[in-house]
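Residues per chain, in single letters:
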Amino acid sequence: MTVKTMETQQVVELLEKVAGLNQTGGNDRVKTIIHRLMHDIFQIVEDLDVTPEEFWSAVYYINDLGKNGEAALLAPGLGMDHYLDIRMDAADEQAGLAGGTPRTIEGPLYVAGAPLSEGFARMDDGTQDGETMIIIGQVTDQHGQPVADAIVDIWHADLKGAYSYFDPSQSEYNLRRRIKTDAEGRYAAQSIIPSGYGCPPEGSTQALLNLLGRHGNRPAHIHYFVSKAGYKHLTTQINLAGDEYTYDDFAFATREELVVDAVRVEDAAAAEQYGLNKPFTQVEFNIQLVSTDKADLQSRHERQRALES
Ligand code: DHB
Ligand code: FE
């Protein structure tokens with residue numbers, strides 16, 4: 001079928017009515033976006049000759065996606081989160097606010113309100129016998145000066161690649177902590193080396209990825225929010241080097257500057273420094289913040305998050 005109807009008066013008027021452009025009430029921004037969105041969907045149907053069967057399978061796909069609670073998982077898989085990062089990077093560049101540790105996606109698995117401690121935190125509850133990980137780092141400003149009292153909010157997966165709260169078998173706030181940097185801007189944590197994450201194999205996201213010939217895996221990674229008044233809020237992650245998926249992340253979060261070596265430390269004296277009596281793996285991640293007086297850039301942007309009021 002090669003029928004063309006998009007330019008007809010009938011379709012033009014239909015789209016205007018669909019978006020409420022002939023009504024005085026409602027929200028103008030929503031009208032503008034829905035008008036454009038529905039126009040572009042109609043256009044896809046015309047250009048690609050989408051059949052009714054294809055159209056209805058897409059509609060019921062969205063139903064299932066919602067039922068499974070996977071919309072915020074599909075978005076990064078389709079590059080949306082990374083695309084928003086690309087835009088924010090470009091906006092920073094334009095505003096003269098580029099530099100510092102690069103941002104990367106938040107992902108859908110943050111939980112607000114993790115326990116807060118000063119300088120150091122033990123993150124794991126001791127129930128999983130993983131490789132002990134010591135994370136150390138310093139937060140500095142653009143000039144290399146230490147940033148004391150910054151809040152480093154860290155979260156990561158367990159040995160199964162699962163996150164506490166979303167995995168109810170884990171204890172409350174397991175592998176989630178907020179650490180306030182000390183006078184030298186330093187923070188440290190003891191935890192376990194996380195496994196990579198895989199999309200639920202029977203879920204909606206994986207079903208679409210299968211049709212695209214793609215996998216749904218992420219490398220072993222550790223999420224960070226870093227904030228302090230007077231500095232741009234930083235949302236980022238580190239990806240551990242050497243993972244099969246370090247440079248093949250289904251959510252497109254890897255950035256070269258964020259790939260960090262996990263270094264095995266066999267030295268007993270070094271272990272003792274952390275109260276450990278066995279070898280461990282050390283991960284160092286130093287963070288550079290960029291100062292700004294713009295209040296809206298100093299906190300994370302709003303989105304729905306678990307336990308966030
Ligand atoms: C996604 C991000 C994560 O950090 C994660 O652990 C799982 C999924 C995501 O972007 O979909
Ligand atoms: Fe994650």
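Whatever comes next refers back to the structure up there.
We now turn to the structure provided with this report.

Thresholds applied
- Residues numbered from 1 in each chain as written.
- Chains lettered and ligands numbered in written order.
- Predicted model: local features only at pLDDT ≥ 70, side-chain atom pairs only at ≥ 80, totals over all residues.
- Heavy atoms only, no water.
- Helix = DSSP H or I, 4+ residues; strand = E, 2+ residues; numbered from the N terminus.
- Buried < 20%, exposed > 50% of the residue type's maximum accessible area, 1.4 Å probe, protein only.
- Donors = N, O, S within 2.8 Å, 3.2 Å for Na, K, Ca; no water.
- Core = buried A, V, L, I, M, F, W, Y, C linked by side-chain atoms within 4.5 Å.
- Contact = heavy atoms within 4.5 Å.
- Near = heavy atom within 4 Å.
- Polar contact = N/O pair within 3.5 Å; in protein donor to acceptor, adjacent residues only side chain to side chain.
- Areas by Shrake-Rupley, 256 points an atom, 1.4 Å probe, with all protein chains shown as cover.
- 1 Å grid on protein atoms, 1.4 Å probe; cavity = no way out; pocket = protein on both sides within 12 Å on 5 of 7 lines; lining within 4 Å.
- Sits in = over half its atoms within 2 Å of the grid points.
- Pairing = 2+ DSSP bridges.
- Points joined across faces, edges and corners; volume = space filled by probe spheres on them.
- Nonpolar A, V, L, I, M, F, W, Y, C, P; charged D, E, K, R; others polar.
- Salt bridge = Lys/Arg side-chain N within 4 Å of Asp/Glu carboxyl O.

This paragraph deals with the environment of Asn-277. The residue Asn-277 is located in the loop between helix 7 (268-273) and strand 13 (280-284) in this model. Taking relative accessible area as the criterion, Asn-277 reaches 76% and is therefore assigned exposed. With 10 residues separating them along the chain, Asn-277 and Asp-267 place their C-alpha atoms 9.9 Å apart.

Before going further, it helps to examine unusual backbone geometry. Residue Tyr-173 is not a glycine yet carries a positive backbone phi of 60 degrees. Along the chain, Tyr-173 turns up in the loop between strand 4 (151-156) and strand 5 (176-180). By relative accessible area, which is 15% here, Tyr-173 ends up buried.

Our focus in this paragraph is the coordination of the iron ion (ligand 2). Looking at the iron ion (ligand 2), the protein donor atoms are Tyr-163 (OH), His-221 (NE2) and His-223 (NE2), and they sit 1.9 to 2.1 Å from it. Donor residues for the iron ion (ligand 2) sit on one chain with the sequence pattern Y-x57-H-x1-H. Taken together, the residues Tyr-163 in the loop between strand 4 and strand 5 and His-223 in strand 9 (residues 221-227) connect sequence positions 60 residues apart. By relative accessible area, His-223 is classed as buried at 3%.

With that out of the way, let us pick up the nonpolar core. Within the largest apolar cluster, 27 residues are counted, with the highest numbers of intra-cluster contacts made by Val-139, Tyr-187, Tyr-224 and Ile-287. Counting only elements with at least two residues in this core, the list comes to strand 3 (132-140), strand 4, strand 6 (186-192), strand 9 and strand 10 (234-240). Setting aside its immediate chain neighbours within four residues, Val-139 contacts Gln-145, Pro-146, Val-147, Ala-150, Val-152, Thr-181, Gly-185, Tyr-187, Val-226, Ile-287 and Leu-289. In this structure, Leu-73, Cys-199, Leu-209 and Ala-251 belong to the second largest nonpolar core, which totals 15 residues.

In the vicinity of ligand 1 there are 13 residues, among which Leu-73, Pro-76, Tyr-163, Arg-218 and His-223 approach most closely. Take Arg-218: an N or O atom from its side chain is 2.6 Å from an oxygen atom of ligand 1. Interatomic distance of 3.1 Å between a side-chain N/O atom of His-221 and an oxygen atom of ligand 1. In the complex, 100% of the free accessible area of ligand 1, which totals 290 Å², lies under the protein chains. Structurally, ligand 1 is housed in the largest cavity. Put simply, the parts of the chain that give the shell around ligand 1 at least two residues each are helix 4 (71-77) and strand 9.

In terms of residue burial, strand 10 counts as a mostly covered element, since 7 of its 7 residues are buried. The two faces of strand 10 match: Leu-234, Thr-236, Ile-238 and Leu-240 on one face and Thr-235, Gln-237 and Asn-239 on the other face are all buried. Linking strand 9 back to strand 10 in an antiparallel pair, the connection comprises 6 residues, with Gly-230 at a positive phi of about 95 degrees. In this sheet, strand 11 (residues 259-260) lies alongside strand 10 in parallel orientation, the contact comprising 2 bridges. Counted as the bridge partner of Leu-240 is Val-260 from strand 11.

A complete count under the given rule lists 1 cavity of 30 Å³ or more for this structure. Of the voids in this model, the largest cavity is the one considered here, and its volume is about 110 Å³. Surrounding the largest cavity, 14 residues form its lining, Gly-107, Pro-108, Leu-109, Tyr-197 and Arg-218 being those nearest its centre. Only helix 4 and strand 9 provide two or more residues apiece to the lining of the largest cavity. The class makeup of the residues in the lining of the largest cavity is 9 nonpolar, 3 polar and 2 charged.

Tallying each qualifying case throughout the model produces 17 salt bridges. The salt bridge involving Arg-103 is made with Asp-92; its shortest N-O contact spans 3.1 Å. Linking Arg-103 in the loop between helix 5 (80-94) and strand 1 (116-118) with Asp-92 in helix 5, this pair joins segments that are 11 residues apart in sequence. Given a relative accessible area of 16%, Arg-103 falls into the buried group. Judged by its relative accessible area of 9%, Asp-92 is buried.

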